Amino acid sequence: MNHTPEARPLGVAAIGYAFMGKAHSNAWRNVASFFDVPAFEQKVLVGRDAIQVAYAAGKYGWAESATDWREVIERDDIHIIDICAPGWMHAEIAIAALEAGKHVLVEKPLANTLAEAELMTAAAAKARKRGVQSMIGFNYRRVPALALAKELIAEGRLGSIRHVRAAYLQDWLADPETPMSWRLRKETAGSGALGDIASHAVDQIQFLTGQAVMEVTGTLRTFVAERPGPGGPEEVTVDDAVWATLGLTGNLSASVEASRVATGQKNSLKLEIYGSAGSLTFDLENLNELMFLDATVPVREQGFRRILVNEPQHPYLEAWWPQGHIIGWEHTFTHQVRDFLVAVRDGSQPSPSFEDGLNVQRVLDAVQESANNKSAIAVVGGTGNSQSHAA
């Protein structure tokens, strides 16, 4: 590992400058203004197009740009690699960075395939023995309302959790004339709504409940088989929507629905958690609100009440604005970078770990297998294998 002197700022390189690169860059640019984090420098932004990445680097606050991520990883002044590139590149970059002694933050899903995710997790475990940290970017864990939900559940305010409903719905592909992109090709994206957004739903279910998915039944659908490409129609080789029923430890059941063709739904991650003593509901399109029902009070007083999650006593919010002044989607990435930097400083394992990402990948793989075979899949934790039986 490249050991960093106490007074020397951590050098950060981000790989990718499009949607996620912009979101992560915004977090790196702002985190030190609001949170107590170790000193770092936005050293270099990496992308394939030299002109465009140089322009993005100037806009997003990076000192320089580069087109060769391998050269950047070998630099002595780089200590952190933030991977915002498409999923098909995650494994190669992350493993090379970890072996070079760089701390790694990588966007979800961990990889495009289960085999790649397993290789990445093994590399992370090996690197951790040398003090090299790694984390996967499930940024919705950093929504203050969902962090509060996690606290309430852990405190037993819902009693025994019985079942969870999760639906992540978008409509950016509802129009069949929306052009072809890398996100619609299996070789570059791995999957469609399954890996892109259902991964968030699966992570939230396991994160909030503290239970692991053991069994899956899944269905995948592609509603628009072809999309306009530069040379004419191109075949869509990933799913548009996914439905899954999950069996978890703790005698818990959950349902997952994810769609990128849900007309009228812009970016709605809806979560409903039902317990023996209470319930919680959340919708990402109302990011600052958590609905809580306390079933321990008399029935005549029961009903969902709205918690505006903007108080300094709520997770992360002591760093932001006076109570009642809402925050936005982009703040989740700032919180994510804050937690990652603190873990690097303290030498502790950041959360969620690559192991957490691998667990989600196993569930996604089982959903795909179930959909292919029209069967139920038993997800075997810790082995990377699955067993199917007729549903």
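A. Quick peek at the packing of helix 6 (residues 144-154) against helix 8 (residues 193-209). With their axes 8 Å apart at the nearest point, helix 6 and helix 8 run at an angle of 40° to one another. Contacts between helix 6 and helix 8 involve Leu146, Ala149, Lys150 and Ile153 from the first element and Gln204, Phe207 and Leu208 from the second. Of the residues contributing to the contact of helix 6 with helix 8, the split by class is 5 nonpolar, 1 polar and 1 charged.

B. Expanded view of unusual backbone geometry. In this model, Lys108 is joined to Pro109 through a cis peptide bond whose omega is -15°. Within the fold, Pro109 resides in the loop between strand 5 (103-107) and helix 5 (114-128). Between Ser351 and the following residue, Pro352, the backbone shows a cis peptide bond with an omega angle of 5°. For Asn251, which is not glycine, the phi dihedral falls at a positive 55°. Examined against the element boundaries, Asn251 turns out to sit in the loop between strand 11 (241-248) and strand 12 (252-259). If you check the backbone angles, Tyr316 has positive phi at about 75° while not being a glycine. Along the chain, Tyr316 turns up in the loop between strand 16 (305-308) and helix 9 (331-346). For Tyr316, a relative accessible area of 16% translates into the label buried.

How each quantity is defined
- Residues numbered from 1 in each chain as written.
- Predicted model: local features only at pLDDT ≥ 70, side-chain atom pairs only at ≥ 80, totals over all residues.
- Heavy atoms only, no water.
- Axes fitted to C-alpha atoms, helices over the stretch in contact; angles between N-to-C directions.
- Helix = DSSP H or I, 4+ residues; strand = E, 2+ residues; numbered from the N terminus.
- Contact = heavy atoms within 4.5 Å.
- Nonpolar A, V, L, I, M, F, W, Y, C, P; charged D, E, K, R; others polar.
- Buried < 20%, exposed > 50% of the residue type's maximum accessible area, 1.4 Å probe, protein only.

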